[in-house]
Amino acid sequence: MKLSHSLLLTLPLASSWAVGADLSVKFELPRLNVAEYHKPYVAIWIERADQSVASNLAVLYDLKLKNREGEKWLKDLRTWWRKAGREATMPIDGVSGATRPPGTHTMKFDAAKNGLDKLPAGDYTLVVEASRESGGREVVKLPFNWAGKGKVAASAAGKDELGAVSLQIQ
């Protein structure tokens, strides 16, 4: 099971997320050739340089299971669970969502709704974690520097549970 891939990014970001800056994350969930395929749970968040959580962007899991049974499997997103999930009350408004099927997915995040407009200048990491029942777990990290004006584009790729992952800030 592969745990982490990362790509260092030191391109400048817009100095204020609230001034029309859009953050979008594009990620691929590969179709795996296995006997029993389950859609993976996925967590997307931003970490500060000290690896604390600056913002939870998305937690995708099975919302439709009876008696909120899907929540009990969130701990399989081990990295997210240890950093933010244990203390979270699910579902999180504007963050929680349904699992996604294999394919490429793009999620856009509003700076003001996610607290991104309040992030001070510094080093951050976009983290995408996927975990699948009867499967593996994988974490892809995209470090970036919050410095000043401009646009940001970065990408990396997982090897098993995640395919291509990209971050774009405009």
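The structure displayed is predicted, hence computed values, not measured ones. (Residues numbered from 1 in each chain as written. Predicted model: local features only at pLDDT ≥ 70, side-chain atom pairs only at ≥ 80, totals over all residues. Heavy atoms only, no water.)

Asks: Is there a simple way to think about the overall build of the protein chain in this case?
Replies: A tally of regular secondary structure across the protein chain gives 1 helix and 10 strands. Overall, the protein chain shows an N-to-C arrangement of helices and strands of β-β-β-β-α-β-β-β-β-β-β. Expressed as a percentage of the 170 residues in the protein chain, the buried residues total 46%. Sequence separation of at least 24 residues holds for 70% of the intrachain contacts in the protein chain that already meet a minimum separation of 6. Here the protein chain has roughly 8,900 Å² of accessible surface; of this, 48% comes from carbon and sulfur atoms. (Helix = DSSP H or I, 4+ residues; strand = E, 2+ residues; numbered from the N terminus. Buried < 20%, exposed > 50% of the residue type's maximum accessible area, 1.4 Å probe, protein only. Contact = heavy atoms within 4.5 Å. Areas by Shrake-Rupley, 256 points an atom, 1.4 Å probe, with all protein chains shown as cover.)

Asks: What is the right way to look at the pattern of salt bridges in this model?
Replies: Two side chains carrying opposite charge are able to pair once their charged atoms lie near each other. Counted under the stated rule, the structure contains 5 salt bridges. A salt bridge links Glu47 to Lys83, with the shortest nitrogen-to-oxygen separation between them at 3.2 Å. Here Lys83 lies in helix 1 (residues 78-85) and Glu47 lies in strand 3 (residues 41-48), a separation of 36 residues in the sequence. Given a relative accessible area of 2%, Glu47 falls into the buried group. Notably, a salt bridge pairs Arg132 with Glu161, separated by 2.9 Å at the nearest N-O pair. Here the residue Arg132 occupies a position in the loop between strand 7 (122-131) and strand 8 (137-146), and Glu161 occupies one in the loop between strand 9 (152-157) and strand 10 (164-169), the gap between them amounting to 29 residues. Each member of the pair Arg132 and Glu161 is classed as buried. (Salt bridge = Lys/Arg side-chain N within 4 Å of Asp/Glu carboxyl O.)

Asks: For this particular structure, what's the right way to read the packing of aromatic side chains?
Replies: The way to describe two aromatic rings as a pair is by their centre distance and the angle between their planes. Enumeration over the complete set of coordinates arrives at 3 aromatic pairs. Against the face of Tyr37 rests Arg31, its NZ or CZ located 4.6 Å from the ring centre. (Phe/Tyr/Trp six-rings, centres within 6.5 Å; stacked < 30°, edge-to-face > 60°. Lys NZ or Arg CZ within 6 Å of the ring centre and 35° of its normal.)

Asks: How should the side chain of Thr79 be read in this particular structure?
Replies: Relative to the elements of secondary structure, Thr79 occurs in helix 1. There is a polar contact of 3.2 Å between the side chain of Thr79 and the side chain of Arg137. Non-local contacts of Thr79, meaning those with residues more than four positions away in its chain, are made with Trp45, Glu129, Arg137 and Val139. (Polar contact = N/O pair within 3.5 Å; in protein donor to acceptor, adjacent residues only side chain to side chain.)

Asks: Which parts of the structure should I look at to understand unusual backbone geometry?
Replies: For the bond from Met90 to Pro91, the omega torsion is -10 degrees, close enough to zero to count as cis. You can see Pro91 is positioned in the loop between helix 1 and strand 5 (96-98). Positive phi, close to 70 degrees, is recorded for Gln51, a residue that is not glycine. Residue position: Gln51 is located in the loop between strand 3 and strand 4 (53-61). Here Asn67, not a glycine, exhibits a phi torsion of approximately 55 degrees, which is positive. Here Asn67 lies in the loop between strand 4 and helix 1.

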